[in-house]
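Next come the chains, spelled out residue by residue.
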Amino acid sequence: MIVTLFKHTTDTVGERVELDFSKPLPRSIPKKDLPLWSATVFNGPRCIPNAVEVNGLTYDVDIDPVPDQSIILAEVSGVSGELMSSSGAAIAKPRWRLKLDTDKPIPAKDYKRVSTYVASKLHFPVASNSLEPARMWYVPREPEEGPYIHVALPCEPFNVDGLL
């Protein structure tokens, strides 16, 4: 997936790169030292006013009650994307990142409305900060406890014009 990568949490300017979310970084890297990624294309330093477009919908699924993998996958069946465990996941307390594909980028000015609408159709809560167009996520690493889980969802992307 092509994303904007920020090598350090303090970086405000990133570069567009391809990341393979199926291969996490090792657990030994402290979370604070992980690079950040965003589905957003920025025109200038990272901030909401500089967000141009967002390539897909990405959600933090880590609000109690956090659903298990099978519930999330059932909710998004028919949509392409990726589900992955977050670096803070544990066997007793799962935490997820859900990336749903779109057939074209979503204009940044419309992202919050579109992401809020899609989130409202899910039968589990998502973190409200994941509804913002300039949202950042840590590059996946092996979780605090247990195995890293990555599931590719090879279906159809959301139709952006239909969502707008």
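For the structure, see preceding data.
Residues numbered from 1 in each chain as written. Predicted model: local features only at pLDDT ≥ 70, side-chain atom pairs only at ≥ 80, totals over all residues. Heavy atoms only, no water.

Caption draft 1: The arrangement of the sheet that holds strand β4 (residues 40–42) in detail. Judged by pairing direction, the sheet is antiparallel, and its three strands sit side by side in the order β4-β5-β9 without closing on themselves. This sheet does not close on itself; its edge strands, each paired only once, are β4 and β9 (106–107). The sheet contact formed by strand β5 (residues 51–54) and β9 spans two bridges and is antiparallel. The residue of β9 that forms the bridge with Glu 53 is Pro 107. (Pairing = 2+ DSSP bridges. Helix = DSSP H or I, 4+ residues; strand = E, 2+ residues; numbered from the N terminus.)

Caption draft 2: Fine view of the packing of aromatic side chains. In this structure the tally under the stated criterion is three aromatic pairs. Members of the aromatic cluster, joined through ring pairs, are Phe 21, Trp 37 and Trp 137. Arg 46 extends its terminal NZ or CZ atom over the ring of Phe 6, reaching a point 5.0 Å from the ring centre. Between Arg 135 and the ring centre of Trp 137, over which it is positioned, the NZ or CZ distance is 5.2 Å. (Phe/Tyr/Trp six-rings, centres within 6.5 Å; stacked < 30°, edge-to-face > 60°. Lys NZ or Arg CZ within 6 Å of the ring centre and 35° of its normal.)

Caption draft 3: A look at helix α2 (residues 108–121). Over its 14 residues, α2 runs 21 Å from end to end, which matches the ideal 20 Å to within 8%, given 1.5 Å per residue. Taken as a whole, α2 has its buried residues at Ala 108, Asp 110, Tyr 111, Val 114, Ser 115, Val 118 and Ala 119. Relative to the axis of α2, the buried residues are bounded by an arc of 160 degrees and lie together on one face. Turning to α2, the residues buried within the fold contact β5, β6 (57–61), β8 (96–100), β9 and α3 (160–163). (Expected span 1.5 Å × (residues − 1). Buried < 20%, exposed > 50% of the residue type's maximum accessible area, 1.4 Å probe, protein only. Arc of directions from axis to C-beta. Contact = heavy atoms within 4.5 Å.)

Caption draft 4: Focus on the sheet that holds strand β2 (residues 15–18). Read from one edge of the open sheet, four strands run β2-β1-β3-β10, paired in antiparallel fashion. Across the chains shown, the open sheet's two edge strands, defined by having one partner strand only, are β2 and β10 (137–138). Where strand β1 (residues 2–6) lies against strand β3 (residues 36–38), three bridges are found, and the strand directions are antiparallel. Residue pairing in the sheet places Thr 4 in a bridge with Ser 38 of β3.

Caption draft 5: Molecular detail of the pairing of β8. Counting buried positions along β8 gives five out of five residues, so the element sits mostly inside the fold. Every second residue of β8 is oriented toward a common face, with Trp 96, Leu 98 and Leu 100 on one face and Arg 97 and Lys 99 on the other, all of them buried. As defined by bridge partners, β6 adjoins β8 across five bridges and the pair is classed as antiparallel. If you follow Leu 57 over to β8, its bridge partner there is Leu 100. Bridge analysis of strand β7 (residues 81–85) against β8 gives five bridges, and the strand direction is antiparallel. Considered in β8, the bridge of Ser 85 is made with Trp 96.

Caption draft 6: Region of the structure containing the environment of Phe 6. With respect to the helices and strands, Phe 6 occurs in strand β1. Given the relative accessible area of 1%, Phe 6 is considered buried. Considered as a pair, Phe 6 and Leu 36 are 30 residues apart in the sequence and their alpha carbons are 5.0 Å apart. The contact partners of Phe 6, leaving out residues within four places of it in the chain, are Asp 11, Thr 12, Val 13, Gly 14, Pro 35, Leu 36, Ser 38, Phe 42, Arg 46 and Met 136.

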